[in-house]
Every structure is written in structure tokens, then in C-alpha cells.
Amino acid sequence: MQNPIYTLAKIAEILNADTKWVDGEVIIHYLVIDSRSVLVPEHSVFFALSSHRDGHEFIKDAYAKDIRNFVITDAKYVNQYPDCNFLLVDDALAALQQLAIYHRKQFDLKTIGITGSNGKTIVKEWLYQLLAADFSIVKSPKSYNSQIGVPLSVWQIEADDTLGIFEAGISAVNEMQHLAEIIRPEIGILTNIGEAHAEGFSSKKEKLTEKLKLFAASDLFIYSPEYVTEVSTKDLPGKQKFSWSSKQVADLQITTVEPIEGNCYLRAIYQNTEIECMLPFKDKASIENGMICWATLLALGYTPEQADLRLEKLSHVSMRLELKNGINQCSIIDDSYSADISSLAIALDFLNQQNQHPKKTVILSELFETGRDDLDLYTEIAELLAQKKVSRLIGIGTHISRYADLFKFETQFFDDTNAFVEAFPGLQFNHETILVKGARRFEFGRISKLLTQKIHDTVLEIDLNAMVGNLQFYRSKVKPGVKIMAMVKAFSYGSGSFEIANLLQFHKVDYLAVAYADEGIALRKAGITLPIMVMSPEESAFEAIIKHRLEPEIYSLEILNSFLNALSDYDFDYPIHVKIDSGMHRLGFDRPEIDSLSILLKDSARVKVQSIFSHLVASDAAEHDGFTQQQIDKFKIIADQLVAILGYKPLLHISNTSGISRWPEAQFDMVRLGIGLYGFDSALANNRGLQTVMVLKTTVTQVKTLEPGETVGYSRKGMMQNGGKIATVKIGYADGYTRYFGNGVGKMLVNGHLVPVIGSICMDMTMLDVSGIDVKPGDEAIVFNQEHTIMQLAKDINTIPYEILTNISQRVKRVYFYE
Ligand SMILES: *Cc1c(COP(=O)(O)O)cnc(C)c1O
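Worth saying up front: this structure is predicted, and the values here are computed from it rather than measured.

A. Up close: the overall build of the chain. When helices and strands are counted, the chain shows 25 helices and 40 strands. Each of the three principal axes of the chain carries a C-alpha extent, and together these read 90 × 85 × 65 Å. Looking at the chain as a whole, 56% of its 819 residues are labelled buried. Pairs at least 24 apart in sequence give 65% of the contacts found in the chain among residues at least 6 apart. Surface accessibility of the chain: about 34,600 Å² in total, with carbon and sulfur atoms responsible for 50%. Positive and negative side-chain charges of the chain, numbering 81 and 102 respectively, have mean locations separated by a distance of 2 Å.

Given below as C-alpha cells:
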């Protein structure tokens, strides 16, 4: 990527901005919207975009990272930074889009625009694989398809590009015309219109109509008639149309869909002849995305033979970084997605976000960037690695090796992956975070295998993006200025510890809370600097609490006195949190004790009350709203009384997840977000608006056929009256799959079928009744995911999602994904 070149003065002219600058001739290549991800500050301009927070708040961070060029809407910052260049506009997002529109107009390359509810990113990546031989392609990075992502994608267009493939995603009406204007797609592809994400629309028709606006000016529109039933044919966009379907008459009418081993064989009628192709996938979503690509190749004029040859070589795209445990206490970040500079920058940001070890190693293959000479490319990579504080580079490939001198830190080079694998036994990897990133042909999968601990075949997958999405969802519900305390007790509700805390720290929550001191100590040891409240501070742990600057919850006079005793003569203003019992009757002060508490607190300069809080017992339940209101009132009265005596104002907070959703008036100064982060909120019907964070998977060890009347498992509880087939999977009650799931109560998803547990759950294993289903050892069994939900599991055994989550034992390996 050579990146566009504009002077700041030119950008000001394009944006019609008021200017205040030191140097308008500075050259701009990069548009920065997140002060945490800065590539080359001297050639970057920062857009102060406002969403949940005012973008101007991050000017300080961006400045600290050496950015000196800013697009802002609030003139008051101009005088605070006299050495910076400022462009003043009315709307920073509109300015970003306007700049992209201008840039796009400078080129008349062919463009494909993709929208739909699912599959946009996969179709985009596959078209890239299919068409790369014939075009120099520029495409949206990852799933950059929003009002911000699209301008950033289009900004990458440069003179050599002959084809642009961009995706567009919307969540409300009147959003698409902006994206259409920026992308200006000559060819339009509608993937599918699911039921999902319909929030911003009053109906499916409204959603479809909005999406189709992307193609209003397109020459060619590629679609399936099944997804456009709400719109009459004459209203479909595109001067020409090309339809595909497996259910009805279409230009590409698919007649046969036949899975063969891991592949899928397709046959269709096209221009009155029968044609065929083979897709190297067998899952439903991939097959549909494959059909869309097939239709696109034909619509673009490729012959059926050419299309078949290309389609069978498609490869899976994983857009996710994977974080897992490595050998010798290392953490491994596996990124096999793509190997270009922008994805390297994203991966390096993740490496820094997960700052689990001071030592950071990057294993990098050589990269290919069209139109870029090696010296230029590796100079930029070397700067980037140094800027992101990488401690060691292991470079693989002859090109990167040639530029060894550019890297001014510990390095090692190998000509190819084989050479690395041979040398591996002699290489040192210890207590470090290792990013493994290589172009596909370098087969870095072999390297991550060497570095990764063997994964026990039961894995809890945690989608960090979904968790961030849930955080943003609640951010949008809290009033400006209200702080967020994220509850990471009990290993972050079972999902991990420092991995989650690192993510939350990176995304700037204000506080963390844990149950016990040792959880907080583990976070401090992993480099978490956020304030951490400890809800059950044991007296025996006071010394450690103080040493690690953890902030205890004080719930009784006794504990306050012993904590004061534990503080040394040198400590003063030590942060503590006062818990009020407003009705839960678990821990906390009640009214009669408030006077003595106030006196003690007022007299001691050793402690300072950071916050006063209480806990709602039924914030999700309408039938208890009267009681909740009483709790809030009581809390208010007691807190006011305390504040009056203290003479300063600590933060007040009472809301948990459902409180945020249902009691906007009870947000006070802070809210405590727990289970909502992990995707559940019983105040929301079906958790609407939240994303699934966790998937628990296990593996089939053996399959057996049983005769009628045989029994399965301990105490002969599982009776196979008519015989059948069972599969044994590697999860048992020691993993947290409780015995209550035994004897048909629990179910798992095996190869797309929901099958019941048969017999009792064993300590390490469970048997499933898979009669009539094609199953073999090594197949995956899904304990829960977005379809077979934790809600359902909780219902099956009469408990709540909290318990299902926190039951998953520590021996189940956690693997984290990040896009
Ligand atoms: C666990 C906990 C929360 C979070 O509750 P959720 O329902 O998970 O949001 C909040 N406050 C206290 C005191 C808690 O113990």
C-alpha cells in the first residue's frame, strides 16, 4: 500500500475547513480515527470523531503519540496545542466521508460493492482470491464496512489499482446513501438478508430497500430472488441483473447440492446448459457464499470451466486473531489471515493490548505489497515494529533477511519455514508473547503448532470482538459522564482473567471489580493498571491488597477497623469503597451504623472513600419494581447522609447489568456491568442487542453401535431399548458439565443435529445418543453456541446463565479470538 498523498492544505480545501496551522504543506498518507492505533504519526491526520465519547478527549493521547494534524469541530483545542495543525469542520464524520468521496472520484477503477446481512466479508475475501490473477485489487480491510470503515477502505485506492472490492454495512435508515456515494459500485452484490440485526428498521422491507440503495447507480446487480421478495422486480437496481437460486428459476439455477467428503458438488442450469463446480467446503454458510461467488464469476464473463477451476481452489479465510497458551508460559497470537502492512498493524495493536509479558516476539514472513519496493516496505515495517515496542523479530524468507540491518533490536532470520522448523529445538521461547504472522504460502500453521500447548480437546472459545460490542451496547445506554466498572470476578464469569481485563483496559472502562484479593493480584501481575475493587477482602490478605494497591470493599465497622490497623503510618487517603445494604441483606452497612461509620471515616486521614455503593436484588424483574425503587431511595438517603459528613463526594453506584437496561434514573456516577458483557441480560427479551461471546466445544472420542436392551454408563442408567448408536465425548462433570445434564436432560450439537445425553455424566466423559446420524471419532460436539444457547442449558437444569458460565472448570482451555 503506497497510500494516497495529499498535503494538509489540499485536504483543507477539499473539506472547505477553517484552518489554523503551522505548516499546511505537511504530507498526509494516513487517516487516524483511534489514538491507540497510530502507524506513522508525522504523515497522519487525526479525526476527532464522536460516538460514545467526545473524540476531542483523545487529542491528548494522539498528541502524545506524535500526531500533529487534527480535524476537529471544537475550536477551543486550537490554543492548547500551538505546535499543531488544525482543520475546523462542522462534522468530523461528514468530513471523513467527504474526503473519501473526493479521493474515490480521482480514479475510475472497476468497483464491486457488497452488502447483505451475512457473508459480506467472506464473499469479499473470496472474490479477492478468485480475481487476484487478473486485477490489482484494493479491498476493505477485515470487515471495515461502517460509516467510518468504508471511507477508510476507499482511502486506500491508489493509481495502480484496477479493481476495488468494498463491503458496506448499515444498521439504520438513511445510512446507505453515504456509503453508496463513497464506494460508487459499478457491480453490486447482495449476499443475504437475514432476520438478524433488524433493530434499526421497522420492517424487513425497509431494511432491504435501504440496503439496495447501495446499488442505485450500478450497471450490474447480482442477487438471489429469494432475498428480494419484498421489492417488486421493476424496482430492483442495476441496468443489468444476474440472479442465482437453488429454489427457483434464475440465471444461475442450482439444481444439485451434494456434499462429498469435505467438499460440496454443485450442478446448475446456466444459459440452457448444465454446468458444475466443486466447492472445498461443506457447511451451509460457505456453500451459499460459494454460490454467490460462482454467480459473480459468470456474471463477469468467466466461462463455467474457468469458474470451476478457480472455485475449487478457494481457501477458508479466518479473519480472526487467535490467542492461546503456548509452550514455556508463552502466549501465542496466531494470525494467518493476511499478510499486509495494515493487518500487521492491527495484529501489533493486539499484541500491545494483551501485554501479558514484557517480552514481545514477532515471527514474520516476508510480505508482498504491489507497487512497493522492498527497501521502502521493510523500512516501514522496521519502524512499525520499533514503535510497537517489539523486542525480537524472527524473519522468515530471503527478502526480509536481506534487510536485516534495518531492524535495530534482537533478530534472527531464516530462508524459509523449513529452516525455522529444523532450528526450532535450539531456539529459546520463554515467558513471552509471540505473534505469528505469515503470508499463506509460508504455511505458518506449522510454526504455531510447534509453539502451542497441545489443546485438550474441550475448548472454550471467547470472541473478544463480541465482548467489545456488548461493552459498546451498554456504553450507549449510560448517560454522558457516567463511569463503567466492569465485573471480572470469578475469572470474568468463567471467560478468563487477564485476557479480558487487558481488553477492558484497552477499551477504557473506568474500574474493574473482583471477588477476592488473589484475583486482583493476578491482574496486577499481568500489568493491569486500572483501579480494582475487591468485594470480599479477607483480613489475611490486607497486606497483599495494600502492596498491590487494590481497593477493598468495606462492609462493616470491624473490617474497617482492621483495615485501618493494617495500613502503615505512611499511608493516607488509601482508596476504599463503602457498601450499603439497601435490601439484599448480604454484606453492607445499614442505617443504625452510619453515624459511627461517618465519625470513623472522618477522623481517619488514612483512607479516602472512592465510592459508596449498594446492590439491587431484582433489577430485571418488573414484579419487584416497587422494591427496587425502595432500594434506590434508601441508598440515596444513606449515601447523602455519609457524603454530608465526609465533606467530599465519592462516586455513587447501584446498578448492575439489568439495572442499566431498566433503571436509567439509577445510574448515579457509575454502573457495574457484569453478565451483560458476556452476552446476557434478563431484562432484554432474548438478549436482544447483545452478541454471543462464548462457545464451548468438545470432541467425539469413540462411536459404538449397541444392541437393543443394552445400557450405557454407570449404574446402567442409559437404556437403549431399541439399540442404536452412541458417541463418547471428552467433557464431564469435572469440566463443569454437571450431572444434572445426565439422562436426556442435556443436549449437544453434533454435525448440525441436536442430540441427547444418554446415561449419567461421568467425571471426564459424556455419552450422546447419535442413532441415525453420521458421526465419527474426531468430530466436534458443541456444548453451547449462538444456536444452542447457554440460556437453554440453564433452563434445562433449572439454573441461571451465571452458574453455567462459572462452572466451566479451569482445565478447559480458553482460546480468544479477535478480529
Ligand atoms: C456480580 C455483581 C455485579 C454484576 O451483576 P450482573 O448482574 O452480572 O451485571 C454488580 N455488583 C455486585 C456487587 C456484584 O457482586
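B. Inspection of unusual backbone geometry at higher detail. For asparagine 174, which is not glycine, the phi torsion reads 65 degrees and is therefore positive. Structurally, the position occupied by asparagine 174 is in the loop between strand E10 (163-167) and helix H6 (176-183). Its identity as a non-glycine residue notwithstanding, asparagine 687 has a phi of 55 degrees, on the positive side. Looking at the element boundaries, asparagine 687 is found in the loop between strand E31 (670-673) and strand E32 (694-706). Taking relative accessible area as the criterion, asparagine 687 reaches 12% and is therefore assigned buried.

C. A look at the nonpolar core. Membership of the largest hydrophobic core comes to 160 residues, with the highest contact counts inside it found for Ile363 and Leu512. Apart from the residues within four sequence positions on either side, leucine 512 is in contact with Met485, Ala486, Val488, Ala501, Leu504, Leu523, Ile528, Leu530, Pro531, Ile532 and Met533. The next biggest cluster of nonpolar side chains, apart from the first, holds 68 residues, and it includes Leu190, Leu214, Val231 and Leu266.

D. How the structure looks around helix H18 (residues 517-525). Among the residues making up H18, those that are buried are Ala517, Glu519, Gly520, Ile521, Leu523 and Arg524. Considering only its buried residues, H18 is in contact with helix H16 (489-494), helix H17 (498-506), strand E25 (511-514), strand E26 (532-534) and helix H19 (542-547). Following H18 by one or two positions, glycine 527 has its phi on the positive side, about 90 degrees.

E. Representation of the pairing of strand E7 (residues 85-88) in the model. Here strand E2 (residues 18-20) runs beside E7; their pairing, made up of three bridges, is antiparallel. By the bridge assignment for E7, lysine 20 is matched with phenylalanine 86. Strand direction decides the pairing type here: strand E6 (residues 69-72) and E7, joined by four bridges, are parallel. The partner of phenylalanine 70 across the bridge, within E7, is phenylalanine 86.

F. Fine view of the domain arrangement of the chain. Domains assigned within the chain are domain 1 (8-97), domain 2 (107-311), domain 3 (321-454), domain 4 (478-682) and domain 5 (694-818). A separation of 34 Å is found between the C-alpha centroids of domain 2 and domain 3.

G. How the structure looks around the sheet that holds E10. One open sheet holds the nine strands; their spatial order is E9-E10-E8-E11-E12-E13-E14-E15-E16, and the pairing between them is mixed. The open sheet has two edge strands with one neighbour each: strand E9 (137-139) and strand E16 (273-279). Taken over all neighbouring pairs, the strand axes of this sheet differ in orientation by 20 degrees on average, direction set aside. With seven bridges connecting them, strand E15 (residues 263-270) and E16 associate as antiparallel partners. Considered in E16, the bridge of tyrosine 265 is made with methionine 278. Lying over the sheet, helix H9 (residues 304-311) contacts E15 and E16, oriented at roughly 15 degrees with respect to E16.

H. Representation of the pattern of salt bridges within the structure. Counted according to the given criterion, the structure contains 32 salt bridges. When the shortest N-O distance is used, the salt bridge between glutamate 167 and lysine 124 registers 2.9 Å. Highlighted residues: glutamate 167 in strand E10 and lysine 124 in helix H4 (residues 120-131), separated in sequence by 43 residues. Of the two residues, glutamate 167 and lysine 124, both sit in the buried class. A cluster of three or more residues bridged by salt bridges with shared partners is formed by Lys124, Glu125, Lys139 and Glu167.

I. Here's a closer look at helix H3 (residues 92-105). Here H3 spans 20 Å end to end across 14 residues, near enough to the 20 Å set by a 1.5 Å rise per residue. With a side-chain oxygen positioned 3.0 Å from the backbone nitrogen of leucine 93, the residue opening H3 is aspartate 91.

J. Summary view of the side chain of glutamate 125. Structurally, the position occupied by glutamate 125 is in helix H4. When its relative accessible area of 4% is taken as the criterion, glutamate 125 is described as buried. A polar contact is formed between the side chain of glutamate 125 and the side chain of lysine 124, at a distance of 3.4 Å. Among the polar contacts listed, one links the side chain of glutamate 125 to the side chain of lysine 139, at a separation of 3.2 Å.

K. Highlighting the site of the ligand. All residues adjacent to the ligand are Met487, Lys489, Tyr493, Met535, Arg586, His615, Asn656, Thr657, Arg672, Gly674, Ile675 and Tyr802. Taking asparagine 656, its side chain carries an N or O atom lying 3.1 Å from an oxygen atom of the ligand. Between a nitrogen atom of the ligand and a side-chain N or O atom of arginine 672, the distance comes to 2.7 Å. For the ligand, the accessible surface in isolation is 390 Å², of which the surrounding protein chains cover 95%. Classifying every residue of the shell around the ligand gives five nonpolar, four polar and three charged.

L. How the structure looks around the UniProt feature "modified residue: N6-(pyridoxal phosphate)lysine" (unreviewed entry) in the chain. UniProt feature "modified residue: N6-(pyridoxal phosphate)lysine" (unreviewed entry): in the numbering of this structure it lies at Lys489. As for its placement among the helices and strands, lysine 489 is situated in helix H16. We classify lysine 489 as partly exposed; its relative accessible area is 25%. Dropping the residues within four chain positions of it, lysine 489 is found in contact with Ala513, Val514, Ala515, Glu519 and Met535.

M. Broad picture of the sheet that holds E2. Judged by pairing direction, the sheet is mixed, and its five strands sit side by side in the order E2-E7-E6-E5-E4 without closing on themselves. In this open sheet, the two strands that pair with only one neighbour each are E2 and strand E4 (30-32). Direction aside, the axes of adjacent strands within the sheet are offset by 20 degrees on average. The strands that H3 touches are E4, strand E5 (44-47) and E6; relative to E5, the one it contacts most, it runs at about 140 degrees.

N. Looking closely at the pairing of E15. As paired elements, strand E14 (residues 252-260) and E15 share eight bridges and run antiparallel to each other. Bridge assignment links glutamate 258 to a residue of E15, and that residue is tyrosine 265.

O. Local environment of the packing of helix H21 (residues 594-603) against helix H22 (residues 625-646). Here H21 crosses H22 at 30 degrees, and the two axes come no closer than 9 Å. Looking at the two axes, H21 sits roughly parallel to H22. Seen from above, H21 lies across H22 with right-handed handedness. Residues Ile594, Asp595, Leu597, Ser598, Leu601 and Lys602 of H21 lie in contact with H22, whose contacting residues are Ile638, Gln641, Leu642, Ile645 and Leu646. Of the residues contributing to the contact of H21 with H22, the split by class is seven nonpolar, two polar and two charged.

P. Up close: a nonpolar patch on the surface. A cluster of nonpolar residues, Met584, Val617 and Phe627, forms a patch on the protein surface that exposes about 210 Å² of accessible area. Inspection of the secondary structure puts phenylalanine 627 in helix H22. Classification of phenylalanine 627 as partly exposed rests on a relative accessible area of 33%.

Conventions we followed
- Residues numbered from 1 in each chain as written.
- Predicted model: local features only at pLDDT ≥ 70, side-chain atom pairs only at ≥ 80, totals over all residues.
- Heavy atoms only, no water.
- Helix = DSSP H or I, 4+ residues; strand = E, 2+ residues; numbered from the N terminus.
- Buried < 20%, exposed > 50% of the residue type's maximum accessible area, 1.4 Å probe, protein only.
- Contact = heavy atoms within 4.5 Å.
- Areas by Shrake-Rupley, 256 points an atom, 1.4 Å probe, with all protein chains shown as cover.
- Lys, Arg positive; Asp, Glu negative; His and termini not counted.
- Charge placed at Lys NZ, Arg CZ, Asp CG, Glu CD.
- Core = buried A, V, L, I, M, F, W, Y, C linked by side-chain atoms within 4.5 Å.
- Pairing = 2+ DSSP bridges.
- Domains from an automatic or database assignment.
- Axes fitted to C-alpha atoms, helices over the stretch in contact; angles between N-to-C directions.
- Salt bridge = Lys/Arg side-chain N within 4 Å of Asp/Glu carboxyl O.
- Expected span 1.5 Å × (residues − 1).
- Polar contact = N/O pair within 3.5 Å; in protein donor to acceptor, adjacent residues only side chain to side chain.
- Near = heavy atom within 4 Å.
- Nonpolar A, V, L, I, M, F, W, Y, C, P; charged D, E, K, R; others polar.
- UniProt positions renumbered as here; feature names shortened; annotations may be inferred.
- Parallel < 35°, antiparallel > 145°, perpendicular 65-115°, else oblique.
- Left-handed = near helix turned anticlockwise from the far one by under 90°.
- Patch = residues over 30% accessible without salt bridge, like charges linked within 9 Å, V, L, I, M, F, W, Y side chains within 5 Å.

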